[in-house]
Amino acid sequence: MAPHIWRCKIQGLTPGRGWLLILPALAAIALVAIAPMAWTVWESLHLHDLRMPWLGRPFIGIDNYVEALSDVRLRGAVLHTAGFVLLSVTVELLLGLVFALAMSRALRGRGLIRVIVLMSWAVPTVVAAMIWRFLFEGSAFNWFADPAAAWVPIVLADAWKMTPFVALLLLAGLESIDPSLYDAARMDGASDWRQFREITLPLLRPALLVAILFRALDAFRVFDVIYVLTGGGPGTSTEPISLYTFNTLLQHLRFGYGSALSVIIFAVTFALALLYIRVAGRTLLEERA
């Protein structure tokens, strides 16, 4: 008898009843995730332009995807997105590690320190972006008129909002490290820096990999921070791929091409997640071996 069958019988369930119990959850997933995605893919295979309703919605196959390959604005949006991911994730990892170490080693007022560090994470993203917009609009230099300088408030706003999340993940990793390792290292005369380099960082690697994965995937889909701060400007110099997709769908009313862009974002994000999980899993297995 198969193991899953006798487990179900021990618990008073048959395999058929087990499937009945999970059917509502599967139906909910299909309704809110699979069905919209399938409709988006189907829409991307059609010429659907509300600016020209007399054309109808003819089937054009992969023409929208072929157009995306030669879209100069899309290439710029991809470069902007990649640059934002690199900058924001790097800043958030460094600051998050500093905050996690401070929260882990604080002897007095540990609870208060954690509350203060995590407060900005509780602020809605749109509100956080508006706060930083007001801060930079009040300066003498016009940050939002310069294509390079406009990235400064964007990265700072995102780091201020999301660094506590990274710090929380890294703090969980720090809490799992056995304190006796540090006691033994101190008895051997190891400095704080050597303890950090040879004990903390290697044992914190799984938490670092999780933090990088979560933040990189989230940063790749950035929309609200940039939409509130710069709207993709000046011009399109800060426009990420998600904002370009939004503009294509709701401003230019090109539903077919915008759906193709949405599918591309999903496919790239999914592929990056699979690749990262595979590489991270292989790295962790090699370390344990």
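Heads up: the structure comes first, above all this text.
S.K.: Tell me about the nonpolar core, residues and numbers included.
M.R.: Leu-74, Phe-84, Ile-154, Leu-170 and Leu-229 are the most contacted members of the largest nonpolar core, which totals 47 residues. At the level of elements, helix 4 (72-105), helix 6 (125-137), helix 7 (151-175), helix 8 (179-187), helix 9 (192-220), helix 10 (224-229), helix 11 (241-251) and helix 12 (255-288) are the ones that each hand at least two residues to this core.

S.K.: Which residues make up helix 11, and what values do they have?
M.R.: Counting buried residues along helix 11, eight of its 11 residues qualify, which places the element largely inside the surrounding structure. Listed in full, the buried residues belonging to helix 11 are Ile-241, Ser-242, Leu-243, Tyr-244, Thr-245, Asn-247, Thr-248 and Leu-249. Downstream of helix 11 by one or two residues, Leu-253 has phi in the positive range, about 60°.

S.K.: Describe in detail the packing of aromatic side chains, supporting the description with residues and values.
M.R.: Two numbers describe a pair of aromatic rings. These are the distance of the centres and the angle of the planes. On inspection of all chains with the given rule, the structure shows 13 aromatic pairs. Plain terms: the ring middles of Phe-141 and Trp-143 are 5.3 Å apart, the flat faces sit at 90° to each other, and that makes the pair edge-to-face. With a relative accessible area of 23%, Trp-143 lands in the partly exposed category.

S.K.: Any details on the environment of Pro-179? Residues and values, ideally.
M.R.: By the secondary structure assignment, Pro-179 is in helix 8. On the basis of relative accessible area, Pro-179 is assigned to the exposed category, the value being 52%. As for Pro-179 and Val-263, which are separated by 84 residues in sequence, their C-alpha atoms are 47 Å apart.

S.K.: Could you give me a rundown of the packing of helix 4 against helix 9, with the residues and numbers involved?
M.R.: For the pair helix 4 and helix 9, interaxial distance at closest approach is 10 Å and the crossing angle is 140°. Relative to helix 9, helix 4 is oriented oblique. Here helix 4 and helix 9 pass one another in a crossing that is right-handed. Between helix 4, through Thr-81, Phe-84, Val-85, Ser-88, Val-89, Glu-92, Leu-93, Leu-97 and Leu-101, and helix 9, the contact on the second element is made entirely by Phe-196, Thr-200, Leu-204, Leu-208, Ala-211, Ile-212, Arg-215, Ala-216, Ala-219 and Phe-220. Tallied by class, the residues present in the contact of helix 4 with helix 9 amount to 14 nonpolar, three polar and two charged.

S.K.: Describe unusual backbone geometry, and please don't skip the residues or the numbers.
M.R.: Between Gly-233 and the following residue, Pro-234, the backbone shows a cis peptide bond with an omega angle of 0°. For Leu-253, which is not glycine, the phi dihedral falls at a positive 60°. Among the secondary structure elements, Leu-253 is positioned in the loop between helix 11 and helix 12. Looking at Leu-253, the relative accessible area reads 28%, which means it is partly exposed.

S.K.: Requested: an account of the side chain of Thr-245, with residues and values cited.
M.R.: Relative to the helices and strands, Thr-245 is located in helix 11. By relative accessible area, Thr-245 is classed as buried at 5%.

S.K.: Can you lay out empty space enclosed by the protein for me, pointing to particular residues and giving the numbers?
M.R.: With the rule as written, the count across this model stands at one cavity of 30 Å³ or more. There is about 30 Å³ of room inside the largest cavity. In terms of lining residues, the largest cavity is bounded by His-46, Leu-47, His-48, Asp-49, Asn-64, Arg-254, Gly-256 and Tyr-257. Looking at side-chain class alone, the lining of the largest cavity contains two nonpolar, four polar and two charged residues.

Calculation rules
Residues numbered from 1 in each chain as written. Predicted model: local features only at pLDDT ≥ 70, side-chain atom pairs only at ≥ 80, totals over all residues. Heavy atoms only, no water. Core = buried A, V, L, I, M, F, W, Y, C linked by side-chain atoms within 4.5 Å. Buried < 20%, exposed > 50% of the residue type's maximum accessible area, 1.4 Å probe, protein only. Helix = DSSP H or I, 4+ residues; strand = E, 2+ residues; numbered from the N terminus. Phe/Tyr/Trp six-rings, centres within 6.5 Å; stacked < 30°, edge-to-face > 60°. Axes fitted to C-alpha atoms, helices over the stretch in contact; angles between N-to-C directions. Parallel < 35°, antiparallel > 145°, perpendicular 65-115°, else oblique. Left-handed = near helix turned anticlockwise from the far one by under 90°. Contact = heavy atoms within 4.5 Å. Nonpolar A, V, L, I, M, F, W, Y, C, P; charged D, E, K, R; others polar. 1 Å grid on protein atoms, 1.4 Å probe; cavity = no way out; pocket = protein on both sides within 12 Å on 5 of 7 lines; lining within 4 Å. Points joined across faces, edges and corners; volume = space filled by probe spheres on them.

So, to be careful, I would describe these as geometric facts and stop short of saying anything about function.
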